[in-house]
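# Coordinate analysis (summary)
What follows is the residue order along each chain.
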Amino acid sequence: MYYNTNMQWQESTNGFVLRLERGEEVLTSLENFCKEQSVMSAFVCGIGALENVEICAYDIKKKTYICRKFAESQELLSLLGNVTQSEGKPFCHIHVVLGNEEYHVNGGHLQSGRVSVTCEIEVRTSSRPIERIADEETGLHLWKLKNHRSS
Ligand code: ZN
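In short, a report on the structure. (Residues numbered from 1 in each chain as written. Predicted model: local features only at pLDDT ≥ 70, side-chain atom pairs only at ≥ 80, totals over all residues. Heavy atoms only, no water.)

### What about the overall build of the protein chain?
The test is simple: Working definition: helices are DSSP H or I runs of at least four residues, strands are E runs of at least two. Numbering for both runs from the N terminus. Radius of gyration here uses only the C-alpha atoms, and the compact-globule reference equals 2.2 Å multiplied by the residue count raised to the power 0.38. Relative accessibility decides the category of a residue: with a 1.4 Å probe and only protein chains considered, values under 20% of the type maximum give buried, values over 50% give exposed, and everything between is partly exposed. For this analysis, residues touch if any pair of their heavy atoms sits within 4.5 Å. Surface accessibility follows the Shrake-Rupley procedure with a 1.4 Å probe radius. Residue values consider only the protein chains on display as shielding. Neither His nor the chain ends is counted toward charge; the positive residues are Lys and Arg and the negative residues Asp and Glu. For this purpose, a charge sits on NZ of Lys, CZ of Arg, CG of Asp or CD of Glu.
Each helix and strand counted, the protein chain has one helix and nine strands in total. Going from N to C terminus, the protein chain has its helices and strands arranged as β-β-α-β-β-β-β-β-β-β. Taken over C-alpha atoms, the radius of gyration comes to 16 Å for the protein chain, in line with the 15 Å a tight globule of 151 residues would show. With the C-alpha coordinates aligned to their principal axes, the bounding extent of the protein chain is approximately 50 × 40 × 25 Å. Classification of the 151 residues of the protein chain by burial places 38% in the buried group. Long-range pairs, those at least 24 residues apart, make up 60% of the contacts in the protein chain with a sequence separation of at least 6. Summed over its atoms, the accessible surface of the protein chain is roughly 9500 Å², and 49% of this surface lies on carbon and sulfur atoms. Here the protein chain contributes 16 positive and 20 negative side-chain charges, whose respective centroids are spaced 7 Å apart.

Written as structure tokens, this is what we have:
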């Protein structure tokens, strides 16, 4: 297994566009990029192809993720998510829909995945941080919002 961090990127009107290279792990590369560029919060969307993907579904009763791995390369039909601040660091929450050669789709909460062909991502940034806070009821770190306009 090789690891590549040589993504290409440029600024766009509302943030950045990224071209992840073959072998890059999506969450690692995205979080590192956000750290380097001091992205406080962002909304992310993308397409491409991934392999060695682990996706999960949340079991609310057990308060744990049930995960499944897919080794083969699949089309990344849709990547959607956000970047927020968790304990002072960028935290990426990403969901994906993948399509295989049979045109069947699998989707879930992205745990990890490597770029098998390319991955084209838009990172729409906001200068105002969104924080996360532990939520007892769900067992997850949920958005902590202010309920008032910033001055
Ligand atoms: Zn999720």
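### As for the state of the cysteines
Spelled out, the test is: Disulfides are defined in this document as cysteine sulfur pairs within 2.5 Å.
In the structure shown here, the tally under the stated rule is one disulfide. Two residues share a disulfide in this structure: C56 and C67, whose sulfurs sit 2.2 Å from each other. Between C56 and C67 the disulfide shows an S-S torsion of about 100°. By sign, it is right-handed. Residue C56 is located in strand β3 (residues 41–59), and its partner C67 is located in strand β4 (residues 64–70); the two are separated by 11 residues in the primary sequence. A relative accessible area of 5% means that C56 is categorised as buried. Among the residues examined, C67 registers a relative accessible area of 35% and is labelled partly exposed. Take C92: it sits in no disulfide, and the sulfur closest to it among the cysteines is that of C34, at 5.1 Å.

### Structural notes on the coordination of the zinc ion
Ideal coordination angles are 109.5 degrees for a metal with four donors arranged tetrahedrally and 90 or 180 degrees for a metal with six donors arranged octahedrally. Rule in force here: Coordination shells were defined by N, O and S atoms within 2.8 Å of each metal, extended to 3.2 Å for Na, K and Ca; water is absent from the atom set, which can make sites look incomplete.
Those protein atoms acting as donors to the zinc ion are H93 (NE2), H95 (NE2) and H109 (ND1), and they sit at 2.1 Å. For the zinc ion, all donor residues lie on one chain, and their spacing in sequence is H-x1-H-x13-H. Of this pair, H95 sits in strand β6 (residues 89–99) while H109 sits in strand β7 (residues 105–126); the two residues are 14 residues apart in sequence, bridging distant segments of the chain. Take H95: its relative accessible area is 41%, and that puts it in the partly exposed class. Accessibility expressed as a relative area gives 14% for H109, which makes it buried.

### As for helix α1 (residues 26–36)
Put simply, the rule reads: The arc in question is formed by the directions pointing from the helix axis toward the C-beta atoms. The definition of a polar contact used here is a pair of N or O atoms within 3.5 Å, where within protein one atom must be able to donate a hydrogen and the other to accept one, and adjacent residues in sequence count solely through side-chain atom pairs.
Along α1, the residues that are buried comprise V26, L27, S29, L30, F33 and C34. Seen along its axis, α1 keeps its buried residues to an arc of 165°; they face one direction. As for α1, its buried residues are in contact with β1 (8–12), β2 (15–20), β3, β5 (74–86), β6 and β7. Capping of α1 at its N-terminal end is provided by E25; its side-chain oxygen lies 3.3 Å from the backbone amide nitrogen of L27. Where α1 terminates, the next one or two residues include S38, which has phi positive at roughly 50°.

The values reported here are purely geometric and, on their own, carry no functional implication.
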